[in-house]
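Residue-level structure breakdown
Each chain, letter by letter, is given below.
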Amino acid sequence: MSELNYHDLLASFGIGGAHPGGFAMTREVLQEAGLTASTHLLDVGCGTGQSAAYIAKRYGCAVTGLDRHPLMLEKAERRMRREGLAVRLVQGDAHALPFADQTFDVVLSESVTIFTDLNTTLQEYARVLKPNGVLLDLSMTAERPLSAQELGELRAVYGTKIVPTEAEWCGRLQKVGFAKVDVLKKGTVASAVPGPQATPGELPEFDPSPDIDPELFAIWERHQALTERFSRRLGYRVYCATRRQP
């Protein structure tokens, strides 16, 4: 079995905005978040820093970007230097965020949580948020409960153990300390696939490394095949969850 995985693919190709709706969706969601220059925001799984850089420039927030993949952070650091931005970048894992309790006003997670142990990661989001802090989480969501065979197919490519339905996501968020959970955006994978009239913001951004391992192209093909097969069985939701007061 190859040691390379889907996350290595994203890092090697330097893919930003790979989630449903792309970077255009990110901008729409952020408009509803009430960000100001006094907001301290954590971008979990910041990747190449596309969202973190935009937030720092557009809203003047204090932004911290975290990613576990060193190649992603290398590309994010290059972006911040190029754009002259003072975004703090940290290598770390969503399962054990290297920050004190109640540090952030907003936690942003775009297509990250689903690849982790859900309960552990959601607890960490809640822990580092201030009371009444907000989690914005764009996550893969099952349109109906998936069978063991379907979950096995997804796990073989993405490493995901479970894909909750919308109700299950909301229940998990409430269980770990979020008092209110709203769904800001939703749709199926099919509805989010960019069409021929897609704007640049709806298309993924690429910052490819030289000499990409051929195995990553095979992973890409498997990913594309799953996207087509599960286009109506899988969807996405943007969950907006408010941290409960102690």
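Here the structure is shown first, and the text comes after it.
Report follows, based on the coordinates. Keep in mind that what you see is a predicted model, and the values were worked out from it rather than measured. (Residues numbered from 1 in each chain as written. Predicted model: local features only at pLDDT ≥ 70, side-chain atom pairs only at ≥ 80, totals over all residues. Heavy atoms only, no water.)

1. Here we look at helix H4 (residues 70–83)
The first and last C-alpha atoms of H4 sit 20 Å apart over 14 residues, in line with the 20 Å expected at 1.5 Å per residue. Taken as a whole, H4 has its buried residues at Leu71, Met72, Leu73, Lys75, Ala76, Arg79 and Met80. Packing partners of the buried residues in H4 comprise helix H1 (6–13), helix H3 (50–59), strand E2 (62–67) and strand E3 (88–91). Positive phi shows up at Gly84, right after H4, with a value of about 65 degrees. (Helix = DSSP H or I, 4+ residues; strand = E, 2+ residues; numbered from the N terminus. Expected span 1.5 Å × (residues − 1). Buried < 20%, exposed > 50% of the residue type's maximum accessible area, 1.4 Å probe, protein only. Contact = heavy atoms within 4.5 Å.)

2. Focus: H3
Burial analysis of H3 places eight of its ten residues in the buried class, the great majority of the element. Every buried residue of H3 is accounted for by Gln50, Ser51, Ala52, Ala53, Tyr54, Ile55, Ala56 and Tyr59. The first or second residue beyond H3 is Gly60, which carries a positive phi of 70 degrees.

3. Topic: the sheet that holds strand E5 (residues 129–142)
Spatially, E3-E2-E1-E4-E5-E7-E6 is the arrangement adopted by the seven strands of the open sheet, whose pairing is mixed. With partners counted over all chains shown, the strands left at the sheet margins are E3 and strand E6 (178–188), one partner each. Averaged over all pairs of adjacent strands, the angle between strand axes in this sheet comes to 15 degrees, irrespective of strand direction. Where helix H7 (residues 166–175) meets the sheet, its contacts fall on E5, E6 and strand E7 (234–243), and the angle it forms with E6 comes to roughly 155 degrees. (Pairing = 2+ DSSP bridges. Axes fitted to C-alpha atoms, helices over the stretch in contact; angles between N-to-C directions.)

4. Considering the packing of helix H6 (residues 148–158) against helix H9 (residues 214–229)
Two packed helices can be described by the angle between their axes and the distance between those axes. Axis separation between H6 and H9 bottoms out at 10 Å; the angle between their running directions is 150 degrees. Considered as vectors, H6 and H9 are oriented roughly antiparallel to each other. For the element pair H6 and H9, the recorded crossing hand is left-handed. Touching Glu153, Leu154, Val157 and Tyr158 of H6 are Arg222, His223, Leu226, Thr227 and Arg229, all from H9. Taken together, the residues of the contact of H6 with H9 break down into four nonpolar, two polar and three charged. (Parallel < 35°, antiparallel > 145°, perpendicular 65-115°, else oblique. Left-handed = near helix turned anticlockwise from the far one by under 90°. Nonpolar A, V, L, I, M, F, W, Y, C, P; charged D, E, K, R; others polar.)

5. Concerning the pairing of strand E1 (residues 40–44)
Of all five residues making up E1, four are buried, and the element is well covered by its neighbours. Judged from the five bridges that link them, E1 and E2 form a sheet pairing that is parallel. Following the sheet pairing, Val44 is matched in E2 by Leu66. Viewed along the sheet, the connection from E1 through H3 into E2 turns out right-handed. Two elements, E1 and strand E4 (residues 104–110), share four bridges in a ladder whose sense is parallel. (Right-handed = clockwise from strand over helix to strand, strands pointing away.)

6. Let's talk about the nonpolar core
Leu42, Val44, Tyr125 and Phe178 are the most contacted members of the largest nonpolar core, which has 49 residues in total. Excluding residues within four positions of it along the chain, Phe178 makes contact with Leu122, Tyr125, Ala126, Leu129, Leu135, Leu173, Ala241, Thr242, Arg243 and Arg244. Counting 25 residues, the second largest nonpolar core, distinct from the first, contains Phe23, Val87, Val106 and Leu136. (Core = buried A, V, L, I, M, F, W, Y, C linked by side-chain atoms within 4.5 Å.)

7. Thoughts on the pattern of salt bridges
A side chain of one charge can pair with a side chain of the opposite charge if their charged atoms are brought near each other. As enumerated under the stated definition, the model contains 16 salt bridges in all. Across the salt bridge formed by Glu143 and Arg237, the nearest N and O atoms sit 3.0 Å from each other. Of the two residues, Glu143 sits in the loop between E5 and H6 while Arg237 sits in strand E7, which places them 94 residues apart along the sequence. Here Glu150 makes a salt bridge to Arg144, at a shortest N to O gap of 2.8 Å. One salt-bridge network, in which partners are shared between bridges, spans Glu143, Glu166, Lys186 and Arg237. (Salt bridge = Lys/Arg side-chain N within 4 Å of Asp/Glu carboxyl O.)

8. Points about unusual backbone geometry
The phi dihedral of Gln102 is positive, around 55 degrees, even though this residue is not glycine. When you line up the elements, Gln102 lands in the loop between E3 and E4. Here Gln102 falls in the partly exposed class, since its relative accessible area comes to 45%. In this structure, Asn132 takes a positive phi of about 70 degrees despite not being glycine.

9. Description of the environment of Leu10
As for its position among the elements, Leu10 is in helix H1. For the pair Leu10 and Leu216, spaced 206 residues apart in sequence, the C-alpha to C-alpha distance is 9.2 Å. Contact partners of Leu10, with chain neighbours within four places excluded, come to Ile15, Ala18 and Met72.

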